[in-house]
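An overview of the molecular structure
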Amino acid sequence: MSIWEYANPKRFMQTSGILLPWVTGAALVCLVAGLTWGFFFTPDADKFGSTVKIIYLHVPAAMMAISAWMMMLVTSLIWLVRRHHVSALSAKAAAPIGLTFTLIGLVTGAIWGQPMWGTWWAWDPRLTSFLILSLFYLGYIALWQAVEDPDTAADLTSVLCIVGSVFAFLSRYAVLFWNQGLHQGASLSMDAQENVSDVYWFPLLICIAGFVLLFVTLVLLRTRTEIRARRLSALLARERLA
Amino acid sequence: MIALLIRDLRLAIRAGGGFGLGLAFFLLVAVIVPLGVGPEQAVLAKIAPGILWVGALLACLLSLDRIFALDFEDGSLDLLATSPMPLEGVVAVKSLAHWLVTGLPLVLAAPVLGVLLNLPVAGYGWLLVSLALGTPALSVIGSFGAALTVGLKRGGLLMSLLVLPLYIPTLIFGAEVVKRGAQGLAVGTPLALLAGITAGAVALLPFASAAAIRVNLR
Amino acid sequence: MELRVTDLAVARAGVPVLEGVSFRLLPGRALVLRGPNGIGKTTLLRTLAGLQPALSGRVEAGEDAIAYAAHADGVKATLTVAENLGFWARAFGTRGVGAALAAMNLEALADRRAANLSAGQRRRLGLARLLVTGRPIWVMDEPTISLDAASVALFGAVVGRHLAQGGAALIATHIDLGIAAEVLDLAPFKARAPGLGGRIGAFDEAFG
């Protein structure tokens, strides 16, 4: 059987209905375990004190902010090529979640930056990139809201998502060029020892897993809502016809 | 194609304010900023490149919503879409017309406004070059935003929200060229990147804009 | 150049409005579409003109054969009558607007700005555009709106000459243009609800 069978809304509703409680549970377990471990059972860092523990929110949220946009890009392409409604609706469903993760990343960054750099906001390349990313999310969501016909909205937002991705990528490099920045380099890489020691690394991994699962949970939930809303309007349209 | 360009230019001239409004807005920005920031020559010299680029960008934004909206309202866009001209070509020509009417006057007026903002002498040449290279991208990117919002009742504000983030790379590299040029530094890298963005946008975005217009006409 | 429509279904905003529409339009013939408001005449004509995709079915016409005249004329108020028409002539790759101006009795107005035309004169200018497209199949949506009786007769004569030269015309109108035309009533083709055997639209496909 082909993966595209799940693009059938009926099939999607069945499968996602079965999956949803399990994913939700797994997300909760990971988040509770990871955050508890991270906040209460890791030592304070030498230089930074307890402020460093905000990475358990900051890093996963920032990662998911980018991943959510990537997912929207892929589902937008699928919609344009294969015209599966579930694909377009899942992109629509993911946008506000991605925006929320972006804002969480920005706010936790500001809270962390205050004791670290002595300022709430610095026009650091990473912070600036995330601010720009949030503008792209806002535009995307606003376009969905503004267009009445759902298929037209799906087409237009998909084109915007593709063009926006290119420009978001360009902006990232433009911003790097514009200001070299205060932000520390990536705290995560394959050889983690170089960057963060094991005590911080394992709870962080669990938190990241928790955020991924949380994202999946929310996207499934919101996509199901969108499908139901579309069904409702389809039924109303039939009512008018009959 | 040429007929369309001539028609759009003629419309812009006859409608009055086609050339004037954007330019007047640009002038106002250059006047208002020193009034807000204060008259110190050193401060103005420092922010002049950025202010001139932001002013040009906003002046460009002002007239964008008219690129397709007027043709949409009076039915011309339907008729253009059924004409033998490819819609991609129509989009490209209309962006060119927008640039000739809005972008080009901004490029030519910018040095005069540079005097108001005490731009260092070394910066004038680069100001002209960077605006000449960058404003075509502003028109093409803007017409993409206009194409996305052409069917909407009050698309103007939404269009600004969509277009401004897309302007960020052009703005950064454009202002960087002037800033470095004014300080007598090498401008090669940002200039090449600015030209690259413009070339890419001019080559590819008309296809996205035409796709958006087709969807909106449906 | 013949227009052949086979089992066409069209949708407005994703909702099917007409289905099973089939007809042939031969050179030299005219076909008048009738039907109550909202039946989908405009949607059908826009689909034939290629402005929106059909839900199903086929439209066969030659490449670039159809000239479409919508409700809106596409007339620019700040251009003169001759400039407006001249633009469309060049856009469609034909030369000379004199014949079209004469046919629609616009010669005296050629240098007047379109802003100073009456509604009927504007409409005549919009219809004169069909003549400069050089295309054989005219698809017209309520072409006689705001025309007076004399102008309707004038336009009827123009369409008659077009047919005599081997052209064809598809007209959505309730007014008799004074030309020999077959009539197609669209009411029987109204899309049925899916529950009653109608086809489902792209909108709610698989949402059953």
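Residues numbered from 1 in each chain as written. Chains lettered and ligands numbered in written order. Predicted model: local features only at pLDDT ≥ 70, side-chain atom pairs only at ≥ 80, totals over all residues.

**A look at the overall build of chain A**
Stated formally: Segments assigned H or I by DSSP are reported as helices when at least four residues long, segments assigned E as strands when at least two residues long, and all are numbered from the N terminus. Exposure criterion: with C-beta atoms placed from backbone coordinates, a residue whose C-beta has 20 or more other C-beta atoms within 10 Å is buried, one with 12 or fewer is exposed, and one in between is partly exposed. This entry defines residue contacts through backbone-placed C-beta atoms, with two residues in contact when those atoms are within 7 Å.
On a plain count of helices and strands, chain A comes out with 6 helices and 0 strands. When the elements of chain A are put in sequence order from the N terminus, they spell out α-α-α-α-α-α. Evaluated residue by residue, chain A yields a buried proportion of 42% over its 242 residues. Of all intrachain contacts in chain A linking residues separated by at least 6 positions in sequence, the fraction that spans at least 24 positions is 78%.

**Quick notes on the overall build of chain C**
This is how it is decided: Using C-alpha atoms as the atom set, the radius of gyration is obtained and then compared with a globule rule of 2.2 Å times the number of residues to the power 0.38.
A tally of helices and strands in chain C yields 5 helices and 8 strands. Reading the secondary structure of chain C in the N-to-C direction produces β-β-β-α-β-β-α-α-α-β-α-β-β. Radius of gyration (C-alpha) of chain C: 18 Å, near the 17 Å computed for a compact globule of 208 residues.

**A closer look at the sheet that holds strand β6 (residues 137-141) of chain C**
All names here are of chain C. Cut-off, in case you're wondering: Two strands qualify as a pair provided that DSSP identifies no fewer than 2 bridges between them. The axes used here are C-alpha line fits, helices contributing only the stretch in contact, and every angle between their N-to-C directions lies in the interval 0 to 180 degrees.
The strand order β5-β6-β7-β3-β8 describes an open sheet built from 5 strands, whose pairing is parallel. Each of the sheet's edge strands pairs with one partner strand only, and the pair in question is β5 (66-69) and β8 (182-185). Each strand of the sheet is rotated relative to its neighbour by a mean of 15 degrees, with strand direction disregarded. Sheet topology places strand β3 (residues 30-34) next to β8; 4 bridges connect them, and they run parallel. The partner of Arg34 across the bridge, within β8, is Asp185. Of the strands in this sheet, β3, β5, β6 and β7 (168-172) are in contact with helix α1 (residues 41-48), which crosses β6 at around 150 degrees.

**Let's talk about the sheet that holds strand β1 (residues 3-12) of chain C**
Residue and element names in this part refer to chain C. Read across the open sheet, the 3 strands follow the order β2-β1-β4; overall the sheet is antiparallel. Single-partner strands in this sheet number two, and they are β2 (15-25) and β4 (56-60). Geometrically, the sheet is characterised by an average inter-axis angle of 25 degrees between neighbouring strands, direction not taken into account. Note: β1 against β2, 7 bridges, orientation antiparallel. Looking at β2, one finds that Ala11 is bridged to Pro16. The strands touched by α1 within the sheet are β1, β2 and β4, with β1 carrying the most contacts at an inclination of about 125 degrees.

**Overview of the packing of helix α8 (residues 155-182) of chain B against helix α9 (residues 188-217) of chain B**
In helix packing, the relevant descriptors are the interaxial angle and the interaxial distance, both defined with respect to the helix axes. Residues and elements named next belong to chain B. Basically, it comes down to this: Roughly parallel covers angles under 35 degrees, roughly antiparallel covers those over 145, roughly perpendicular covers 65 to 115, and oblique covers all other angles. For any helix crossing, the convention is left-handed if the near helix is rotated counterclockwise from the far helix by under a right angle, and right-handed if that rotation is clockwise. All residues other than Ala, Val, Leu, Ile, Met, Phe, Trp, Tyr, Cys, Pro, Asp, Glu, Lys and Arg, Gly among them, are scored as polar; the first ten of these are nonpolar and the last four charged.
Interaxial distance between α8 and α9 falls to 9 Å at its minimum, and their mutual angle equals 150 degrees. Classed by the angle they form, the pair α8 and α9 counts as roughly antiparallel. Considering the relative orientation of α8 and α9, their crossing is left-handed. Facing Pro169, Thr170, Phe173, Gly174, Glu176, Val177 and Arg180 of α8, the residues of α9 in contact are Pro190, Leu191, Leu193, Leu194 and Ile197. For the contact of α8 with α9, the residue count by class is 8 nonpolar, 2 polar and 2 charged.

**Looking at the interface of chain B and chain A**
The interface is formed by 20 residues belonging to chain B together with 21 residues belonging to chain A. Class assignment for the residues of the side of chain B that touches chain A results in 17 nonpolar, 1 polar and 2 charged.

**Looking at the environment of Pro143(C)**
All names here are of chain C. In this structure, Pro143 sits in the loop between β6 and α5 (149-164). Accessibility expressed as a C-beta count within 10 Å gives 24 for Pro143, which makes it buried. Linking Pro143 and Ala72, residues 71 residues apart in sequence, is a C-alpha distance of 10.0 Å.

**Some words on the nonpolar core**
General note: in soluble globular proteins, nonpolar side chains tend to be found buried as a group. Let me state the cut-off plainly: For the purposes of this analysis, a nonpolar core is taken to be any set of buried Ala, Val, Leu, Ile, Met, Phe, Trp, Tyr and Cys residues that are connected through C-beta atoms within 7 Å.
Counting residues in each nonpolar core, the largest one holds 205 residues, and the members touching the most others are Leu52(B), Ala56(B), Ile141(B), Leu85(C), Ala128(C) and Val139(C). With residues up to four places along the chain from it excluded, the contact list for Ala56(B) reads Phe26(B), Leu106(B), Ala110(B), Leu131(B) and Thr135(B).

**A few points about the confidence of the model for chain A**
Put simply, the rule reads: In predicted models, pLDDT denotes the confidence assigned by the predictor to each residue on a 0 to 100 scale.
On average, residues of chain A carry a pLDDT of 85, and 89% of them reach 70 or more. Counting interchain partners and residues more than four positions distant, the pLDDT-below-50 stretch residues 188-194 of chain A has 4 contacts.

**Structural notes on the interface of chain B and chain C**
Between chain B and chain C, the residue contacts involve 19 residues of the former and 19 residues of the latter. Secondary-structure elements contributing two or more residues to the side of chain B that touches chain C are α1 (2-15) and α5 (76-81) of chain B. Per element, the largest residue contribution to the side of chain B that touches chain C is 7 residues, and it comes from α1(B). Of the residues contributing to the side of chain B that touches chain C, the split by class is 9 nonpolar, 4 polar and 6 charged.

**Observations concerning the confidence of the model for chain C**
Of the residues in chain C, 92% reach a pLDDT of 70 or more, and the chain-wide mean stands at 83. As scored by the predictor, the complex reaches a pTM of 0.90 and an ipTM of 0.91.

**So, the packing of helix α2 (residues 55-82) of chain A against helix α3 (residues 85-117) of chain A**
Residue and element names in this part refer to chain A. Where α2 meets α3, the axes come as close as 7 Å, and the angle between the chain directions of the two elements is 160 degrees. Here α2 is positioned roughly antiparallel relative to α3, judged by the angle of their axes. Both α2 and α3 take part in a crossing whose hand is left-handed. For the contact of α2 with α3, a count of residues per class yields 19 nonpolar, 10 polar and no charged.

**Examining unusual backbone geometry**
Its identity is not glycine, yet Asn118(B) carries a phi of approximately 60 degrees, on the positive side. Tracing the backbone through its elements, the reader meets Asn118(B) in the loop between α6 (87-116) and α7 (123-148). For Asn118(B), a count of 17 C-beta atoms within 10 Å translates into the label partly exposed. A positive phi angle is found at Ser146(C), which is not glycine, with a value near 60 degrees. For Ser146(C), the position within the fold is in the loop between β6 and α5. With 13 C-beta atoms packed within 10 Å, Ser146(C) lands in the partly exposed category.

**Notes on the environment of Ala110(A)**
All names here are of chain A. Positionally, Ala110 belongs in helix α3. Classification of Ala110 as partly exposed rests on a count of 15 C-beta atoms within 10 Å. Note: C-alpha distance between Ala110 and Ala122 (12 residues apart in sequence) is 8.6 Å. Beyond its immediate stretch of four places on either side in the chain, Ala110 contacts Trp120 and Trp121.

**Remarks on helix α4 (residues 125-146) of chain A**
Selection rule: Multiplying 1.5 Å by the helix residue count minus one yields the expected span of that helix.
When the terminal C-alpha atoms of α4(A) are compared, their 31 Å separation across 22 residues agrees well with the 32 Å that a helix rising 1.5 Å per residue should span. α4(A) sits mainly inside the fold: 16 of its 22 residues count as buried.

**Examining the pairing of β7(C)**
Residues and elements named next belong to chain C. So the rule is basically this: Here, the term right-handed applies to a crossover whose path from the first strand over the helix to the second runs clockwise when the strands point away from the viewer.
The buried fraction of β7 amounts to 5 of the 5 residues, a majority that puts the element mostly inside the structure. Alternating residues of β7 divide into Ala168, Leu170 and Ala172 and Ala169 and Ile171, and every residue in both groups is buried. Inspection of the sheet shows β3 paired to β7 by 4 bridges, in the parallel sense. Within the sheet, the bridge partner assigned to Val32 lies in β7 and is Ile171. In this view, the connection linking β6 to its parallel neighbour β7 by way of α5 has right-handed handedness.

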